Amino acid sequence: MIQKGFQQYKEQAVSTMTQEELLLLLYSELSKRIMQAELLLKKKEYPAFENAVDRAISIIQYLDDTLDMKYAISGNLTKLYEYFIYELGRAKIGRHVELIENVYKMVKELQESFEQAQKQADMEAHT
């Protein structure tokens, strides 16, 4: 019963988020999944590692599917997302931790850029 209530709470929280908040949440979850994959690979827990990579790829695909292509940056993001998926696939098949580390760094930089943009937009909205 408690689990059902928590699930409803999560669904309501997500449904009331702004697009910007949802984007930041997705990037946070993506970063978490990639870091998790890296740790699981180092521990040689391969099935869990592959699951974490698959979850990260699913998030990236969702981010790509929801891009608004009327903006120039969307084309660049699509290419970047394709690269992330390609590299994570290579990491999954070859179990290469350095590929995961590189994708993680790039995702974190992108996440931080979106966070900064959101802060700036919030400041401008309140002035």
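Not measured: the values here are computed from a predicted model. (Residues numbered from 1 in each chain as written. Predicted model: local features only at pLDDT ≥ 70, side-chain atom pairs only at ≥ 80, totals over all residues. Heavy atoms only, no water.)

Counted under the stated rule, the structure contains 3 aromatic pairs. Ring centres of Y81 and F84 lie 6.4 Å apart, and the angle between their planes is 50°; on these two criteria the pair is classed as tilted. Residue Y81 and its partner F84 are located together in helix α4 (residues 72-94), separated by 3 residues, close to a single helical turn. Side by side, Y81 and F84 carry an identical accessibility label, which is buried. Between the aromatic rings of Y83 and F84, the centroid separation amounts to 6.5 Å while the plane-to-plane angle is 55°, which identifies the pairing as tilted. (Phe/Tyr/Trp six-rings, centres within 6.5 Å; stacked < 30°, edge-to-face > 60°. Helix = DSSP H or I, 4+ residues; strand = E, 2+ residues; numbered from the N terminus. Buried < 20%, exposed > 50% of the residue type's maximum accessible area, 1.4 Å probe, protein only.)

Another point: helix α3 (residues 46-65). An α-helix turns once every 3.6 residues. As a result, residues three or four positions apart point the same way. Between the first and last C-alpha of α3 there are 28 Å, a value that for 20 residues agrees with the 28 Å anticipated at 1.5 Å per step. At its buried positions, α3 is contacted by α2 (19-42), α4 and α5 (97-125). (Expected span 1.5 Å × (residues − 1). Contact = heavy atoms within 4.5 Å.)

On to the packing of α3 against α4. Viewed as axis vectors pointing N to C, α3 and α4 meet at an angle of 170°, and their least axial separation amounts to 10 Å. Between α3 and α4, the interaxial angle falls into the category roughly antiparallel. Contact residues: F49, E50, V53, D54, A56, I57, I60, Q61, L63 and D64 in α3; T78, Y81, F84, I85, L88, G89, A91 and K92 in α4. Considered class by class, the residues forming the contact of α3 with α4 number 11 nonpolar, 3 polar and 4 charged. (Axes fitted to C-alpha atoms, helices over the stretch in contact; angles between N-to-C directions. Parallel < 35°, antiparallel > 145°, perpendicular 65-115°, else oblique. Nonpolar A, V, L, I, M, F, W, Y, C, P; charged D, E, K, R; others polar.)

Between its terminal C-alpha atoms α5 stretches 42 Å, which fits the 42 Å expected from 29 residues at 1.5 Å a residue. If you follow the buried residues of α5, they end up packed against α2, α3 and α4.

In this section: the nonpolar core. Soluble globular proteins tend to pack their nonpolar side chains together in the buried interior. Ranked by size, the top nonpolar core spans 27 residues in total, and within it L30, I34 and Y81 carry the most contacts. Within the residue set of this core, elements represented by two or more residues are α2, α3, α4 and α5. Sorting elements by how many residues they give to this core places α3 first, with 8 residues. With residues near it in sequence (within four places) discarded, I34 still touches A56, I100, V103, Y104 and V107. (Core = buried A, V, L, I, M, F, W, Y, C linked by side-chain atoms within 4.5 Å.)

For K44, which is not glycine, the phi torsion reads 60° and is therefore positive. With a phi close to 55°, R95 is a non-glycine residue in the positive phi region. By secondary structure assignment, the location of R95 is in the loop between α4 and α5.

Running from amino to carboxyl end, α2 crosses α3 at an angle of 155°, the nearest separation of the two axes being 8 Å. It follows that α2 is roughly antiparallel to α3 by the angle criterion. For the pair α2 and α3, the sense of crossing is left-handed. Within the contact between the two elements, α2 uses L22, L23, L26, Y27, E29, L30, R33, I34, Q36, A37, L40 and L41 and α3 uses Y46, A48, F49, A52, V53, R55, A56, I59, I60, Y62 and L63. Class assignment of the residues belonging to the contact of α2 with α3 gives a composition of 19 nonpolar, 1 polar and 3 charged. (Left-handed = near helix turned anticlockwise from the far one by under 90°.)

Before going further, it helps to spend a moment on the pattern of salt bridges. What the rule picks out here adds up to 9 salt bridges. With its nearest N and O atoms 3.4 Å apart, the salt bridge here joins E50 to R95. In this pair, E50 sits in helix α3 while R95 sits in the loop between α4 and α5, placing the two residues 45 residues apart along the sequence. Residue classification places E50 among the partly exposed residues on the basis of a relative accessible area of 27%. Residues participating in the shared-partner salt-bridge network are E29, K32 and R33. (Salt bridge = Lys/Arg side-chain N within 4 Å of Asp/Glu carboxyl O.)

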